[in-house]
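# Geometric and topological summary
Each chain is listed here by its residues.
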Amino acid sequence: MRSEITIDLGALRRNVRTLLRALEGTELWAVVKANGYGHGAVDCADAALAAGATTLCVATVPEALDLRAAIPAARILVMGPASNREVAQARDADLALVVPANEIPEGVAVHLKIDTGMGRWGASELPSPTREVVGVMTHLATADTDLEFARAQVERFREASAPLAHLTRHAANSAAALRLPEARFDAARCGIALYGLSPFGTDAAEDGLEPVLSWTSEIAQSKLLRTGESTGYGRRFVAERDTWIGIVPVGYADGFRRDLTGTEVRVAGERRHVVGTISMDATAVELDRELPSGTPVTIVGRGVPLEEHAAVAGTITYELACGINTSPERARRVVVDS
Ligand SMILES: *Cc1c(COP(=O)(O)O)cnc(C)c1O
């Protein structure tokens, strides 16, 4: 197999417990949209519920219907918009829907969304609630970068939602769950931290979180580039001296993006640079010697945090994790329980 993606549900359960300790009594809702940030929605949802999460949150009704089929008893909240047909499906499948507050559907549990500064979904004022309304929520734009603005959003939410304080109120994402106690209300909707990734782009271990996903492959071929020879499209890496390189059979079609040139992976335990242009199915790494094919390569995992790759690519771990191609045609996916 070209590469192997390992999902450690033991790590996920420990992350849930770490978050629950930080939340001091506030409910933890597990955000498993986008296939559990690429980690596998059903596996991660099951593990999160077993560890004490109480509701599953997704972005779309189809995501919710998949979860409903796999976990019949779960409480499921759809956070993104739903078409009329999807509202009917949500009713039949006993889902709860977040709705922009002025158009409240009937016969389905509803959480009203107040826009307190994200400037995206949600109404700017609370409408008069119907009996379908069971919750009220907002979403923070800067809990990972600007706590002052986040606090202002929380205060706006506290005031706007005061008439509905008897309903379930929720505002916090992972960053707020970890850094902003006043955002806790009745539940925190945590995604990235469940997967052991830092919402702040720093070392997740500082918050007691363990990465859930690791990704390994191997050197498929070593080759000696003579001085002046190059590897890959565009000849972006030209050997300045005789240089051994290893070819790893993973590329941007697998989610190892083209802008990861220059990042480091571990080859036989040692950190090595990715050189040249990453292609669809292959990546070159610079070696210090010839290595046999089959030499293990850690792309993400022990000693290679996803946060580091995100910094090289100028993006966030969320985007890299969602982009990893876990389809069986490209990678073997293994679920373990440590
Ligand atoms: C994705 C999402 C979350 C989870 O955010 P994290 O930063 O991954 O914890 C929470 N609330 C809403 C509305 C979301 O869309």
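In what follows, the structure referred to is the one given above.
Remember, predicted model here, so these are calculated numbers, not experimental data. (Residues numbered from 1 in each chain as written. Predicted model: local features only at pLDDT ≥ 70, side-chain atom pairs only at ≥ 80, totals over all residues. Heavy atoms only, no water.)

## Side note on the packing of aromatic side chains
Quick note on the threshold: Ring geometry is summarised as follows: Phe, Tyr and Trp rings, the Trp one being its six-membered ring, pair when their centres sit within 6.5 Å, and such pairs are stacked at plane angles under 30 degrees, edge-to-face over 60 and tilted between the two. Numbering of helices and strands starts at the N terminus; helices are DSSP runs of H or I of at least 4 residues and strands are runs of E of at least 2. Per-residue accessibility, obtained with a 1.4 Å probe over protein chains only, is compared with the maximum for each type, and a residue is labelled buried under 20%, exposed over 50%, and partly exposed between these values.
Taken as a whole and assessed by the stated rule, the structure comprises four aromatic pairs. On the numbers, 5.0 Å between centres and 85° between planes, the contact of Phe 157 with Phe 185 is edge-to-face. Here Phe 157, found in helix 6 (residues 147-161), pairs with Phe 185, found in the loop between helix 7 (174-179) and strand 9 (187-190); they are 28 residues apart in sequence, far enough to count as distant. We note that Phe 157, like Phe 185, is buried. Ring plane angle 75° and centroid distance 6.3 Å describe the contact between Trp 215 and Phe 256, whose orientation is recorded as edge-to-face. With Trp 215 in strand 10 (residues 213-218) and Phe 256 in the loop between strand 14 (243-248) and strand 15 (264-267), the pair connects residues that are 41 residues apart, well separated along the chain.

## Focus: the site of the ligand
Which entries qualify depends on this criterion: One heavy atom within 4 Å of a molecule or strand makes the whole residue count as near it. For this analysis, a polar contact is any N or O atom pair within 3.5 Å, provided that within protein one partner can donate a hydrogen and the other can accept it, and provided that sequence-adjacent residues contribute only side-chain to side-chain pairs. The accessible surface values rely on the Shrake-Rupley method and a 1.4 Å probe; as for residues, cover is taken only from the protein chains in view. Polarity classes work like this: nonpolar for Ala, Val, Leu, Ile, Met, Phe, Trp, Tyr, Cys and Pro, charged for Asp, Glu, Lys and Arg, and polar for all others, with Gly in that last group.
In the region of the ligand, 13 residues are neighbours, and Lys 33, Tyr 37, Ser 174, Ile 192 and Tyr 318 sit closest. Interatomic distance of 2.9 Å between a side-chain N/O atom of Arg 189 and a nitrogen atom of the ligand. Tyr 318 has a polar side-chain atom sitting 2.6 Å from an oxygen atom of the ligand. For the ligand, whose accessible area on its own is 390 Å², the fraction buried by protein is 92%. Within the residue set of the shell around the ligand, elements represented by two or more residues are helix 2 (33-37) and strand 9. Of the residues belonging to the shell around the ligand, the class tally is six nonpolar, four polar and three charged.

## What to know about the sheet that holds strand 11 (residues 221-225)
Let me state the cut-off plainly: Two strands pair if DSSP finds at least two bridges between them. Axes here refer to lines fitted to C-alpha atoms; in helices the fit is confined to the stretch in contact. Angles between the N-to-C directions go from 0 to 180 degrees. We call two residues in contact whenever any of their non-hydrogen atoms come within 4.5 Å of each other.
Spatial strand order, 11-14-17-16-15-18-10-1-19: nine strands in an open sheet with mixed pairing. Bordering the open sheet on either side are strand 11 and strand 19 (332-336), each of which pairs with just one other strand. Within this sheet the neighbouring strands show an average axis-to-axis angle of 35°, counted without direction. As defined by bridge partners, strand 11 adjoins strand 14 across five bridges and the pair is classed as antiparallel. The residue of strand 14 that forms the bridge with Leu 224 is Trp 244. Where helix 8 (residues 306-313) meets the sheet, its contacts fall on strand 15, strand 16 (270-275) and strand 18 (296-300), and the angle it forms with strand 18 comes to roughly 70°.

Limitation: the analysis is restricted to geometry and does not speak to function.
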